[in-house]
Amino acid sequence: MTITATPLLKDGCLIVRGKTVLTGVPHNVVVSPSVGDSAFLGANSTIPSSRHVFNLGVLEERRFLCLFRFKIWWMIPRVGKSGCEIPMETQFLLLEVAESVLEGKDSPELSTENTFYIILLPVLDGQFRTSLQGTPANELQFCVESGDVNVQTSKAVEAVFINSGDNPFELIKNSIKYVCIRARFFFSCEGFFLSNLGMLNFFTFCYCICVFRILEKHQETFSHIENKKIPAHLDGFGWCTWDAFYTEVNPQGIIEGLQSLSEGGCPPKFLIIDDGWQETINEFHKEGEPPVEGTQFATRLVDIKENCKFKHSGSDNTCTDLCDFIHSIKGRYGLNYVYMWHALVGYWGGVLPSSEVMKKYNPRLVYPIQSPGNTGNLRDIAMDSLEKYGVGVIDPQSIFDFYNDLHGYLASCGVDGVKVDVQNVIETLGAGYGGRVPLTRQYQEALEQSVARHFRDNNLISCMCHNSDSIYSSKKTAVARASEDFMPREPALQTLHIASVAFNGLFLGQIVVPDWDMFHSKHETADFHGAARALGGCAVYVSDKPGNHDFKVLKKLVLPDGSILRARHAGRPTRDCLMKDPVMDGKSLLKIWNLNKLSGVIGVFNCQGAGRWPLKQEDEHMAIKPLSISGLVRPIDVEFLEEVAGENWNGDCAVYAFNSGSLSKLPKQGKFEVSLATLQCEIYAVSPMRVFGENILFAPIGLLDMYNSGGAVEAMDSTVDESRCIITINGRGCGRFGAYSSTKPKSCMVGKKEESFTYSVKDGLLTIELQGGCHLREIEFVY
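From a predicted model like this one, the values you see are computed outputs, not experimental measurements.

Colleague: Break down the pattern of salt bridges for me, with residues and values.
Modeller: Counted by the stated rule, this structure contains 40 salt bridges. A salt bridge links Lys-173 to Glu-226; its shortest N-O distance comes to 2.8 Å. Of this pair, Lys-173 sits in helix H1 (residues 168-179) while Glu-226 sits in the loop between helix H3 (202-216) and strand S15 (237-240), and the two are 53 residues apart along the sequence. Look at Lys-173 and you get partly exposed, because its relative accessible area is 29%.

Below you can see the structure in the form of structure tokens.
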């Protein structure tokens with residue numbers, strides 16, 4: 001009997017691949033088939049409302065991973081087994097299902113347990129936005145809301161996208177792609193079918209057109225990361241002014257920071273001038289009186305130009321304004337990109353409606369209205385303050401003019417891009433504007449159009465944007481912060497930061513390049529954070545105070561020319577970590593995998609015993625204390641390794657441990673144990689062994705003294721004849737370059753010049769010292 005993978009309702013149960021996923025499904029729940037074996041879940045009500053909460057059924061004894069907003073700005077992960085453990089504001093849900101498969105036609109009694117995965121994505125349905133949540137009775141619910149009492153509905157039939165697959169990473173990727181299929185795909189396919197109708201079954205044609213039209217209403221809103229232009233700053237080392245100065249940032253301090261990093265051999269290639277450069281006013285702070293807590297968030301923007309700190313700057317007044325300053329530091333320190341910070345609504349409290357400069361944008365004071373989903377988790381002091389003091393909101397019809405003027409001015413000053421913060425505030429301002437979804441789209445579209453007009457390379461970093469309104473309105477935005485801030489003075493948040501970004505990358509990494517935020521090179525957790533960013537596929541930037549750097553850490557990340565060895569994808573947890581809690585279960589290590597062009601990389605982190613998840617119930621006897629944890633590492637932990645291995649891969653891998661310097665040979669299914677104390681980590685370069693000639697096994701590792709060694713290997717080729725075998729590697733960077741070789745080569749050439757090398761018969765480690773610059777060069781090993 002053939003079991004369809006398409007979700008269906010039968011006898012009050014939601015069934016996927018013959019497995020019951022939800023029981024007690026109410027009669028008002030509907031399933032609408034989508035593309036392939038996917039579907040949309042929805043429900044009907046007899047009463048129209050701007051906010052509905054519908055029951056989907058009971059979820060029990062299914063291991064799951066969800067990503068939810070624990071506060072209005074940010075998502076974190078949660079694992080569990082039943083509906084009661086799914087928090088409000090869940091925006092991503094992945095279920096693990098064991099599936100019995102018969103091993104042979106003649107032996108029906110023999111079976112093995114395979115695993116498949118089910119993804120549920122609460123999406124945008126017209127003017128409504130969806131989220132998931134659980135109840136104490138293990139019911140799984142979805143909430144649809146418009147954010148405007150005048151925008152109501154009585155049905156939400158395409159609110160939750162559901163799909164299944166054997167590989168969780170492919171499933172997530174394909175599901176996001178299904179949801180964001182472009183409208184032009186619909187039109188091109190419809191045109192194809194119309195022009196080839198004679199070749200198609202009429203009913204097949206009608207079905208396909210229906211599918212495309214179902215998907216069309218979910219399109220035109222956002223794009224998959226593969227269809228976006230990736231900002232070039234990601235491949236260079238950066239410095240952000242935030243932790244170094246906070247809002248007291250000034251030109252002299254920026255010069256000192258750039259100088260000290262450059263003198264230490266790690267020249268920044270991009271700079272983020274964070275909050276503190278704008279002309280703002282706080283109407284609630286009277287001079288000479290102590291500030292009232294919360295009023296700082298009601299500070300409003302009064303001008304698009306820089307404040308007085310960036311005018312007549314420098315001890316000799318050589319920089320007269322922002323334009324002069326930007327051009328000066330670019331020329332002096334070799335910066336390729338300078339980004340400026342601003343909030344989506346101008347500043348935290350928006351713009352000042354009475355400002356003469358701002359009046360042209362028709363702003364008005366609006367008081368935010370938070371969703372029960374936000375206030376039901378953790379309240380945020382910033383939002384509570386804005387509810388009290390209001391936000392100066394620019395008329396949506398004028399928002400492009402505002403961004404166009406602001407970005408046009410910054411571009412004229414030599415600024416290359418913007419970091420746009422406080423984005424989720426828009427979801428609370430939808431009343432009177434058609435609701436949260438249309439307002440978010442208006443702002444997002446205007447922002448992206450302005451960035452495209454004024455800044456090359458799509459230079460936009462989005463921040464505080466973890467609501468699905470923003471995520472599913474991202475057409476061009478290619479970089480977004482993936483977790484709450486790195487907080488150097490909060491010891492209990494260091495492990496949470498690493499785990500949050502890794503898990504959030506499962507979802508966000510299909511839409512943007514996750515930004516892991518800045519960190520401090522001179523910090524007790526610097527190695528921990530640095531290693532994570534090396535395999536995160538993200539920008540690498542610090543916020544050190546001038547002169548306060550640890551160059552031993554930085555030089556494991558940054559090459560002398562200011563470039564970095566960035567992995568190809570978002571760093572994500574390995575498959576065997578997806579349903580485990582690496583922060584609080586007391587036994588699980590966090591393993592993060594990624595790919596380079598010719599190899600894989602696995603980072604292993606002990607995040608246990610140093611912090612607690614917000615809103616997480618725990619054993620009352622459990623205390624925060626250091627723990628030594630052991631776990632298994634396998635080459636197979638690197639997904640899609642075969643895609644970079646090439647045709648001559650023999651199935652074995654060379655595994656190089658960065659900290660210990662050990663090199664091992666393992667089959668793909670092999671494994672070894674690693675033990676780490678709290679806040680310790682190890683990185684393993686996993687390089688497939690290729691067979692060259694008759695019996696030469698070779699695996700490039702890369703720069704041995706860099707966290708992501710394999711990022712230095714760009715390509716590999718070979719020439720084989722009867723007399724010799726030459727293996728040629730295109731590598732970049734300088735320092736110790738290593739590879740596994742089953743036999744000692746006769747000679748080594750770098751740039752056609754013979755160089756000395758070392759070879760260890762014991763483990764097959766072949767090393768050569770790359771001198772000079774960081775340019776791409778040919779390395780030839782002759783056998």
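Colleague: How would you sum up helix H10 (residues 436-454)? Please name residues and give values.
Modeller: Here H10 contains 19 residues, and its C-alpha end-to-end distance of 27 Å stays within 8% of the 27 Å for a straight helix at 1.5 Å per residue. Those residues of H10 lying buried are Arg-436, Val-437, Leu-439, Thr-440, Tyr-443, Gln-444, Ala-446, Leu-447, Glu-448, Ser-450 and Val-451.

Colleague: Now, about helix H8 (residues 381-389): what can you tell me, with residues and values included?
Modeller: Buried residues of H8: Ala-382, Met-383, Ser-385, Leu-386 and Tyr-389, and no others. Down the axis of H8, the buried side of the element spans an arc of 160 degrees, and every buried residue falls inside it. Where H8 is buried, its residues touch strand S18 (300-306), strand S20 (364-366) and strand S21 (391-393). The positive-phi residue at the C-terminal boundary of H8 is Gly-390, with phi of around 85 degrees.

Colleague: Which residues make up the sheet that holds strand S26 (residues 540-542), and what values do they have?
Modeller: As summarised here, the arrangement of the eight strands in space is S25-S24-S23-S22-S19-S16-S15-S26, forming an open sheet in which the pairing is parallel. The two strands at the open ends of the sheet, each matched to only one other strand, are strand S25 (513-515) and S26. Taking the axes of each pair of neighbouring strands and ignoring which way they run, one obtains an average angle of 25 degrees across the sheet. With respect to the sheet, helix H5 (residues 251-263) is in contact with S15 and strand S16 (270-273), its orientation differing from that of S15 by roughly 150 degrees.

Colleague: For the domain arrangement of the protein chain, give the residues involved together with the corresponding values.
Modeller: Along its sequence, the protein chain is carved into domain 1 (8-100 + 114-187), domain 2 (225-275 + 305-342 + 398-420 + 433-564) and domain 3 (591-782). For domain 1 versus domain 2, the distance between C-alpha centres works out to 34 Å. Summed over both sides, the interface of domain 1 with domain 2 buries roughly 2,700 Å², with 63% coming from carbon and sulfur. Its largest share of buried area at the contact with domain 2, domain 1 owes to Trp-74, Met-75 and Leu-124, together 26% of the area lost on that side. Viewed at the interface, domain 2 and domain 1 are joined by five salt bridges. Where domain 1 meets domain 2, there are 14 residue pairs in polar contact (both at pLDDT 80 or more). Contributing elements (two or more residues each) for the side of domain 1 that touches domain 2: strand S7 (64-71), strand S8 (74-80), strand S9 (90-102), strand S10 (111-122), strand S12 (128-134) and H1.

Colleague: Quick rundown of the packing of aromatic side chains? Include the residues and the values.
Modeller: With the rule as written, the count across this model stands at 24 aromatic pairs. Where Phe-40 meets Phe-161, the ring centres are 5.4 Å apart and the plane angle is 70 degrees; that geometry is what we call edge-to-face. Note that Phe-40 is positioned in strand S5 (residues 39-49) and Phe-161 in strand S14 (residues 153-165), a separation of 121 residues in sequence. Of the two residues examined, Phe-40 and Phe-161, each falls in the buried class. Put simply, the rings of Phe-92, Phe-222, Tyr-472 and Phe-507 pair up and form one aromatic cluster.

Colleague: Would you mind going over the sheet that holds strand S43 (residues 777-782) in detail, with residue names and values included?
Modeller: Backbone hydrogen bonds hold the strands of a sheet together, and the pairing may be parallel or antiparallel. Sheet architecture is open: five strands sit in the order S36-S37-S43-S39-S40, paired in antiparallel fashion. This sheet does not close on itself; its edge strands, each paired only once, are strand S36 (713-720) and strand S40 (753-754).

Colleague: Summarise the side chain of Asp-581; cite the residues concerned and give the values.
Modeller: Mapped onto the fold, Asp-581 is located in the loop between strand S27 (572-573) and strand S28 (590-595). We note that Asp-581 is buried and unpaired, the nearest opposite charge coming from Lys-616 at a distance of 4.5 Å. Within the structure, the side chain of Asp-581 is placed 3.1 Å from the backbone nitrogen of Met-584, a separation counted as a polar contact. A polar side-chain atom of Asp-581 sits 2.9 Å from a polar atom in the side chain of Trp-613.

Colleague: An account of the state of the cysteines is needed here, citing residue identities and associated values.
Modeller: A complete count under the given rule lists zero disulfides for this structure. We note that Cys-465 lacks a disulfide partner, and the nearest cysteine sulfur, in Cys-463, lies 6.7 Å from it. With relative accessibility at 7%, the residue Cys-465 sits in the buried group. With no disulfide of its own, Cys-725 has Cys-748 as its nearest cysteine by sulfur position, at a separation of 14 Å.

Colleague: Just give me the short version of unusual backbone geometry, but keep the residues and values in it.
Modeller: As a rule of thumb, non-glycine residues mostly have phi less than zero, and peptide bonds are mostly trans rather than cis. Despite not being glycine, Asp-11 has its phi angle at roughly 55 degrees, a positive value. Inspection of the secondary structure puts Asp-11 in the loop between strand S1 (8-10) and strand S2 (13-16). The exposure class assigned to Asp-11 is exposed, which follows from its relative accessible area of 73%. Positive phi values are uncommon outside glycine, yet Asp-457 reaches one of about 65 degrees. Among the structural elements, Asp-457 can be located in the loop between H10 and strand S23 (460-462).

Colleague: Describe the pairing of strand S42 (residues 765-770), and please don't skip the residues or the numbers.
Modeller: In regular strands, side chains alternate between the two faces of the sheet. Counted residue by residue, S42 has five buried out of six residues, so it is predominantly covered. Judged from the six bridges that link them, strand S38 (residues 735-741) and S42 form a sheet pairing that is antiparallel. In the strand pairing of S42, Tyr-740 is matched with Leu-765. Judged from the two bridges that link them, strand S41 (residues 758-759) and S42 form a sheet pairing that is antiparallel. Its bridge partner being in S42, Thr-758 is matched across the sheet by Thr-767. Between S41 and S42, which follow one another and run antiparallel, lie five residues, and Gly-764 among them has a positive phi close to 80 degrees.

Colleague: I'd like a description of the packing of helix H9 (residues 399-412) against H10, backed by residues and values.
Modeller: Contact pair H9 / H10: the axes reach a minimum separation of 9 Å and the direction vectors enclose 30 degrees. Judged by the angle between their axes, H9 and H10 are roughly parallel. In the packing of H9 onto H10, the handedness of the crossing is right-handed. Contacts between H9 and H10 involve Ile-399, Phe-400, Tyr-403, Asn-404, His-407, Gly-408 and Ala-411 from the former and Gln-442, Tyr-443, Ala-446, Leu-447, Gln-449, Ser-450, Val-451, Arg-453 and His-454 from the latter. Considered class by class, the residues forming the contact of H9 with H10 number eight nonpolar, seven polar and one charged.

Colleague: Provide a residue-level description of the environment of Arg-736, including the pertinent values.
Modeller: Examined against the element boundaries, Arg-736 turns out to sit in strand S38. It is 4.6 Å that separates the C-alpha atoms of Arg-736 and Glu-769, two residues lying 33 residues apart in sequence. Setting aside residues up to four positions removed in sequence, Arg-736 forms contacts with Tyr-656, Gly-702, Leu-703, Leu-704, Asp-705, Ile-768 and Glu-769. Of note is the side chain of Arg-736, whose polar atom sits 2.9 Å from the side chain of Asp-705.

Calculation rules
Residues numbered from 1 in each chain as written. Predicted model: local features only at pLDDT ≥ 70, side-chain atom pairs only at ≥ 80, totals over all residues. Heavy atoms only, no water. Salt bridge = Lys/Arg side-chain N within 4 Å of Asp/Glu carboxyl O. Helix = DSSP H or I, 4+ residues; strand = E, 2+ residues; numbered from the N terminus. Buried < 20%, exposed > 50% of the residue type's maximum accessible area, 1.4 Å probe, protein only. Expected span 1.5 Å × (residues − 1). Arc of directions from axis to C-beta. Contact = heavy atoms within 4.5 Å. Pairing = 2+ DSSP bridges. Axes fitted to C-alpha atoms, helices over the stretch in contact; angles between N-to-C directions. Domains from an automatic or database assignment. Buried area = accessible area lost by both parts, 1.4 Å probe. Polar contact = N/O pair within 3.5 Å; in protein donor to acceptor, adjacent residues only side chain to side chain. Phe/Tyr/Trp six-rings, centres within 6.5 Å; stacked < 30°, edge-to-face > 60°. Lys, Arg positive; Asp, Glu negative; His and termini not counted. Disulfide = S-S within 2.5 Å. Parallel < 35°, antiparallel > 145°, perpendicular 65-115°, else oblique. Left-handed = near helix turned anticlockwise from the far one by under 90°. Nonpolar A, V, L, I, M, F, W, Y, C, P; charged D, E, K, R; others polar.

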